[in-house]
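Structural characterization, general
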Amino acid sequence: MEEQRSSEKEKTSRERGLLYRWQGYSCTVNPEKVLLPRPVCHAALGISHGVLLTEDGLVYSFGDLYWRHSSRSQALSPVLEGFVGGQRVLRVSAGSFHCAAITDDGVVHAWGENANGQCGVSDLSLVPSPTPVSIVDDETVPPERVWILDVACGAQHTLALSGKHEVWAWGTGCQLGLVTNVFPVQRAQKVEHLSGRYVLQIACGGFHSLALVRSLPPLKSSRQSSETCGQCRQPLYTVIDKDDHVIISNNHYCPLGVELTDEKQGQRSNQGSPALMAKTELSGPDQQVFTGLFEDFCPGQKALDGSCRDDAAKKETFHQEPAPVSVTDSSAALPKNLKRTKTKSSPYPDEQALKDYLRRMSDQSLSENFEAVPTEGSRPPSRQTSLKDRCRVDQHDKPMFPALAPLTIRDVTNLSDVAPVATQSSASSALSSQTGRDALPLGVSACDDSEVKDRAVSCQDSLTGGGGEEACDESQAKNQDSERKCLEANKSASLSDVRIEDTDGLGRRRSLPGLLSKGFPKKVGASTLTTSGVSKTENLFPSLYTEVWSWGRGQDGQLGHGDSLPRLQPLCIKSLSNKEIVKVVAGSNHTLALTAQCQVYSWGSNKLGQLGHMDSSTVPHLVKVSEGIRVWDVAAGQTHTLLLADGDCIQPILYYSGKQVQEGQDSHASTCTQTPTLLPFCMNLGYVSSVFAGGLNCLALADQNAMGFISTLHELASAERKLYCTLSRVKSQILRPLLSRESVSSCLGQTSMQLFQTVAGCFSRLCHLTGQHAISLNSFLQNSRDVKTLTILKKADIFLDTYKEYSVPLGNFLVMGGFQALVKPAQECFGKKLELAQKLLELKEKDASPSDLLLKLLYMPLQHLCDYGRVLLKMTACFDVSSVEYRRLQDGCLQYEVLAHLVSKQRKDAEATHSFWKNFSGKSLESLRKPSRRLVCESGNKDLTLQNSGRFSVNTFILFNDTLVHAQFSSHFIYPLATLWIEPVSDENVGLLGLKLTTPEESFIVLASSPLEKGKWLRAINQAVDHVLGLGQNGQVISPSGSQRAEPPVSRTATYTFTKEGRLKEATYNGRWLSGKPHGKGTLKWADGRVYCGTFKHGLEDGFGDYMMPNKTLNKFDRYKGHWKEGKMHGFGTYWYATGEVYEGSFQDHQRHGHGMMSSGRLASPSSSSVFVGHWLNDKKAGYGIYDDITKGEKYMGMWLEDQRQGSGVVVTQFGLYYEGAFSNNRMTGVGLLLCEDDTAFEGEFSEDWLLNGKGVMRMPNGDSFEGIFVGEWGSELKVVGTFLKPSLYETETEVKQSKTPQVGRYAVPAEQKWRAVFEECWSRLGCEFPGQGENDRAWENIAVILTSSRRKQTDSPQMLSRSQCKLLESLEVIPQHRGSVSAQAYDIIRRYLIKACDTPLHPLGWLLETLVTVYRMTYVGVGSNRRLLQQAVEEIQSYLRRIFQLVRFLFPGLPEEGGFIPESSEGAGSDSLSDSSQSDSTQQGWIVSSSSLLLPILLPRLYHPLFTLYSLEREREEELYWDCIVRLNRQPDLSLLTFLGVPQKFWPVSVSILGKEKEQVLPSTKDACFATAVETLQQISTAFIPADKLQVIQLTFEDVTQEVQTMLGQDFLWSMDDLFPVFLYVVVRAQIRNLGSEVSLIDDLMEPALQHGELGLMFTTLKACYYQIQHENTTCF
């Protein structure tokens, strides 16, 4: 098996990578096959040698290898080259007499002739074997090695293309493009003039260099910067005022020839400069010297140093043209001496002046400062296109343009309108810009009326101006010829001719994406100029936006700039801008450029016909080949050109142009071709994929057709190239002229014109993509040929989207009758029979109508989809069915075939729709004609009739792809399909032929003429509806194959605008529907600005929603966000009023009803701000509520009725006043109690707020009192008629206070009546109409439903629930299963469930607890922090516990009543999950169930802060006395304090352990050491919240004291109260607990009754006694 595979591999290798070699073009030439063990993948030729690269990375050389130190310097057969380390070679290149290669580690290896440093190796004139070349970027820190992608070799220099697409050079001559005058350059240097540009390819001629640079699409505007030439210091822009016009030209070409020196041995090199060296052309072993160049090309001295003396001199220097330099070519061979000529009137300085100038410039950097352009999306110009700033002065502070008015950026961008000689090509950037957007097509969108305008805007300019694809027609040839003559006529005079306009506008220098700012360093490098302007997406396909830059010697015009001058730096060839150059090659003295349209431009020496046309040229000319010949690869030798092209068949053909080489012929009398000649033997070579040329030799790399794979690839590439050429001609010769004609708009109309512009733009995108694909296929044929990397497979989505994007607007244009309307302007442009269209379509029949020709022409690209599918299917036969390649090809084939079928169907639908509109007689329906609308079917004569229609009525039903139209006489009704439901009806009244149609506003029945017709319409409408529902957001079908459902879904998402009278008139609904009614989530928008976004049920708002309603008076919105029921606000929600008020609470029937909170701010009432929390009834306050008037500083807590205070209530103020009593009609009326901060109290009758009127008793803080009748306002004058009473002298102060202090809370609202609405809401959520009346199972089901719906709602909201929160909700959704009596284990489970439920606001119990905490804080925080409210606050908490416990017992019926007992089971005996404080002291172990033990640990921590604040205020005076004693006592050492407190000496510790160390003796000065453990424990009482935890701290403190005493007195020691009290008193004093009285009172009020009489109760009593004892201790002695 392995032997069979190896034999097949060898056979395959013998069929590909075959190399053929020959010279000349005669019929007797027989190519010689170069034999190598492995297939060749790349080759390069020098003058008399060649280099071959095999597919396994080996390099072979052949020919005259005189640099090898062996007898085999003349190698007739290829010789293997050895590389250090055995690296794999990726690329090879050959110069005249040296070679270079790139290994897989990105390193250049060079060998051969090195006399001029072209091998990059020092101290060697000959390099015998491949030697690495060091290329290091010194501008980076630290310096980095440069990764090389490609290399090119010339006669005396070498270029390298780095991974950053920068150019590096070494060798000798101006062809290096370096900023140096010292040669040779043996160390690689970066070509700084190309820094920042994205170089795609490099090429070297004999003594000139080329770079193919990717440019950016042209922009409409660009900010300019001012610059001067880096060498001659002349302005890059020249400006002339002429005839009221400003003519600005940027055609500056630097003519400065720099003298080149060789520092070796201090001598000048004879081959240093193109101005000093003769141009040599090698022909075999003989060498002939041709033309000498001039030595001293430089501008005048005044131009160099800027030493102009006055304005006249300035103008003269600025406006006059320099004298032309005459260049004469010597026909005879020159000796070593050079001939040069110079006119007598030459303004240039002599050699010495030039040397002085160079010395002055030696320290200056050639790179200049640029102005950065921060505007997003704009493309800064390059150096050659920047404008001078009129206000800027040079280094001599002399203005550059004194005679010009300042120009703005707008003036610069509109120069084409100002200049009198503007040409049409100045608008060519519009198409390039459009095509740039077309390079990577995006998603497809439907082209409806609403978007046609937007889609057409970016396409209108794409075809009206010049473009990147120039077709080879007569007009183009004339334009090129005139341009060439213009450039050649000026030659050197054009260097400063200000009258020559830049015909290419900004597009000439589009390769530089960004510029430096003035603050950047002068040294331009990788750190300052980058290629960031090139997006990553552009790397997916080869770029068609390119520029060709050339530099070096130009005596034969090989640089292409229209003259014969040398260029020291790279310069863009203007005439090749927008020509889509994809490859450049260079011969010894001529240059070739290949375009994406398979055309070849040539320029340079044409002495032997190597240019492929008759004339010599200094600017690019098209090579003359036969029509239909598409060239796709080129090669240039010393005196010949080789072209690889497509012929009539799939197999490529070869053309030769140049010198004929015949054996025995005199080299001086050689013959040549005038035009490219077909090589007759090319068909015998096989499928040629690449050609190479060098010296007099030619190479062709060919493949045999193994299994048809090679021929299929060539077939695909050839078809793509042909298609692109055709599309380019259609765009430039058909679409562009049509769009530029004014009559087209009037003939098409606005809609069709916009569609036509959209079609043209999409056509341009498709054309551009096709061109990119064609170039990528050329590269694919010449490189890997891995099917997996085939572009149409790897990037199939881009191709499919582009074709879809083109097909949709084209069909829309057909529907609107655009092709028929386009006939007239087309005939005006191209003649009556549209011969040009017929020629482009290659039609044989001549009788096609003009509209059909235009239709076929624009539909022609879509037919290429079938070719893709066919070719891919053909390739699958070359692979095994189990291979990856086979699967990729099958998938790609299926994709393109499906799209081809879809496109074909779209065309048929468009044609049928156009025919319908053309033949339909009803003009009233013309308004329904839309571009994206397609006909599905229409009812004929009585096919469908309306039920109960009149006898003579005419009903026509027309089904489009988006609507159903019912036409009656002159009226019609439109029913969008997205909101149309159809179902068959069969009953006695209708029969078997009825169809019921349901829409959002009506339902009707239609009758079919037959069962067949009924089935047809039922199926058609269902399919059309399903198709509409299957559209994506961009208007395209999500699945090309369509839906397979028999019926569309009853529930769907759609948009509809209501038209009939009612509450929804002119409202638009977008959301879910169910059988014609809004049902589910959706958004409803009214015409008056109202918006509802939420859930619907059967057409009404139901569920949770967000509603906004405009308030026209305040120009703001009212907003409600909450629950709805049957179209009304019902349930809990929040309402934001436009006035600034906010209500959060319950609603019922659009009214505030139930518990809620209303907040009003400054916007609602600038003079007041208040908050109300309480019960509402029919949108008014009713029941118990809290009203906090923030402005007055008053808070009311009581009953309400009809928005007024009515009944019992309490008022507290910020000044400490406290009132409780009766209210009526919002006033204090009746008997009440008024208390002041100083304990002054009045109990009697009131008539108004704070107005005393009637009987009453006033008690003073000292015990005095008044009894009688009081009249007047409290706080001002009071009139008293009554008796003054003074307490008895024998009554103590305490007895007086107890007898005279009024009881607070008698007139307040009882705690059980507070917040009833809150508890009723909770019972309602559990499914109970009244508290305690309901089903337990239903309550648990309601809880599960609430939690599930809330969790889903939270999941859909932007604030996602955490994983732990989701798990908590899921656990609460599980219904606990507890039947019968509750055990201790079940009691623990219930307790844990209640903790989780109360921590979750989504749970009814959690919502209840959160609401109670809110209202409690609203009551007792702020102004409510009044010590008189302490008792009410405690009672309110106890009321909460009782009512919540009722809810808990309803959910868990097995739970005992208050005070019930749960015995401890054997399983739970060891459990510590329950608090020990709830255990019973009886002999039977268990737990006493109470609301406090079960719920207080959950509730009290949330209410602790406001409650403890009230305790602190109530005990404030006692706490001050207590704390004063504590401070005094704690100043004493331990022994002194023990003595003072009467602690028996036996309890005094003798020694104590401090910080875990050894015990230390207690000294008289020791402090805070005795009973330290017990003190620290007791201090923790302030960190506990609930009484049970505080009691546990007290218990632990007693245990610590007992343990320490037992350590001293033995374990059998028992306490007596006489001994225990003083010791514990010491611990309390040392603990220094702040607000101990408040802690004691809180425990006393909220302690469980079961604990009051046990051991814990005794300990708590001891602590309380200590607190009172400390207050009465006599500490004055301290």
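The residue numbers shown here count from 1 along each chain, following its written sequence. Totals for whole chains, interfaces and linings use all residues, but because this is a predicted model, local features are given only for residues with pLDDT of at least 70 and pairs of side-chain atoms are given and counted only at 80 or more. As a rule here, side-chain values cover all heavy atoms of the structure and leave hydrogens and water aside.

Remarks on the side chain of S732
Where we set the bar: Secondary structure follows DSSP: runs of H or I at least 4 residues long count as helices, runs of E at least 2 residues long count as strands, and numbering of each begins at the N terminus. Relative accessibility decides the category of a residue: with a 1.4 Å probe and only protein chains considered, values under 20% of the type maximum give buried, values over 50% give exposed, and everything between is partly exposed. Under this definition, polar contacts are N or O atom pairs within 3.5 Å; protein pairs additionally need one hydrogen-donor-capable and one acceptor-capable atom, and for neighbouring residues in sequence, both atoms have to be side-chain atoms.
Here S732 lies in helix α10 (residues 709–740). Since its relative accessible area comes to 15%, S732 is described here as buried. A distance of 2.9 Å separates a polar side-chain atom of S732 from the backbone oxygen of S728.

Re the environment of L1100
Under the convention used in this document: We call two residues in contact when some of their heavy atoms are within 4.5 Å.
Structurally, the position occupied by L1100 is in strand β49 (residues 1100–1111). When the C-alpha atoms of L1100 and P1078 are compared, they prove to be 7.2 Å apart, with 22 residues separating the residues in sequence. Not counting chain neighbours up to four residues away, the residues in contact with L1100 comprise R1063, T1095, E1126 and G1127.

So, the side chain of Q201
With respect to the helices and strands, the residue Q201 is situated in strand β18 (residues 198–204). Setting aside its immediate chain neighbours within four residues, Q201 contacts L161, L210, A211, L212, V582, K583 and V584.

Details of the pattern of salt bridges
Quick note on the threshold: We count a salt bridge whenever a side-chain nitrogen from Lys or Arg sits within 4 Å of a carboxyl oxygen from Asp or Glu.
Under the defined criterion, the tally for this structure stands at 55 salt bridges. With its nearest N and O atoms 3.6 Å apart, the salt bridge here joins K1181 to D1203. Residue K1181 is found in strand β55 (residues 1180–1189), and its partner D1203 is found in the loop between β56 (1194–1201) and β57 (1204–1213); the two are separated by 22 residues along the sequence. If you follow the salt bridges from partner to partner, you end up with E715, D867, R870 and K874 in one network.

Here we look at the sheet that holds strand β42 (residues 981–987)
The criterion, for reference: Pairing between strands requires that DSSP locate at least two bridges from one strand to the other. In this description, a line fitted to the C-alpha atoms serves as the axis of each element, helices being fitted only across the stretch in contact, and the angle between N-to-C directions of two axes falls anywhere from 0 to 180 degrees.
Spatial ordering of the open sheet is given by β38-β44-β43-β42, a layout of 4 strands whose pairing is antiparallel. What marks the edges here is a single partner per strand, and that holds for β38 (944–946) and β42. Each strand axis lies, on average, 35° off the axis of its neighbour in the sheet, ignoring direction. Pairing between β38 and strand β44 (residues 1003–1008): 3 bridges, direction antiparallel. Within the sheet, the bridge partner assigned to L944 lies in β44 and is A1008.

Some points on the environment of R88
Take R88: it is sitting in the loop between β6 (74–80) and β7 (89–94). Put simply, R88 and D104 are 16 residues apart on the chain and 5.6 Å apart in space, counted from C-alpha to C-alpha. If sequence neighbours within four positions are ignored, R88 has contacts with E55, D56, G57, I102, T103 and D104. From its side chain, R88 meets the backbone oxygen of E55 in a polar contact 2.6 Å long.

Points about the state of the cysteines
Cut-off, in case you're wondering: The criterion for a disulfide is a pair of cysteine sulfur atoms lying within 2.5 Å.
Per the stated rule, a full pass over the model turns up 0 disulfides. As a non-bridged cysteine, C598 has C725 as the owner of its nearest cysteine sulfur, 4.1 Å distant.

Describing the pairing of strand β58 (residues 1218–1224)
Among the 7 residues that make up β58, 5 are buried, leaving the element largely enclosed by the rest of the structure. Where β57 lies against β58, 6 bridges are found, and the strand directions are antiparallel. Residue pairing in the sheet places V1212 in a bridge with Y1218 of β58. Linking two consecutive strands that pair antiparallel, namely β57 and β58, is a turn of 4 residues; a positive phi of about 95° is found at G1216 within it.

A short note on the nonpolar core
Our working rule: Residues grouped as a nonpolar core are buried Ala, Val, Leu, Ile, Met, Phe, Trp, Tyr and Cys residues, joined through side-chain atoms within 4.5 Å.
Within the largest apolar cluster, 124 residues are counted, with the highest numbers of intra-cluster contacts made by W22, L654, F756, L790, Y806 and Y896. Listed in part, the 78 residues of the second largest apolar core include V1210, V1415, W1487 and L1503.

Comments concerning the sheet that holds strand β31 (residues 630–636)
Taken together, the 4 strands give an open sheet; going across it, the order is β31-β32-β33-β34, and neighbouring strands pair in antiparallel fashion. Single-partner strands in this sheet number two, and they are β31 and β34 (677–678). Where α10 meets the sheet, its contacts fall on β31 and β32 (640–646), and the angle it forms with β31 comes to roughly 105°.

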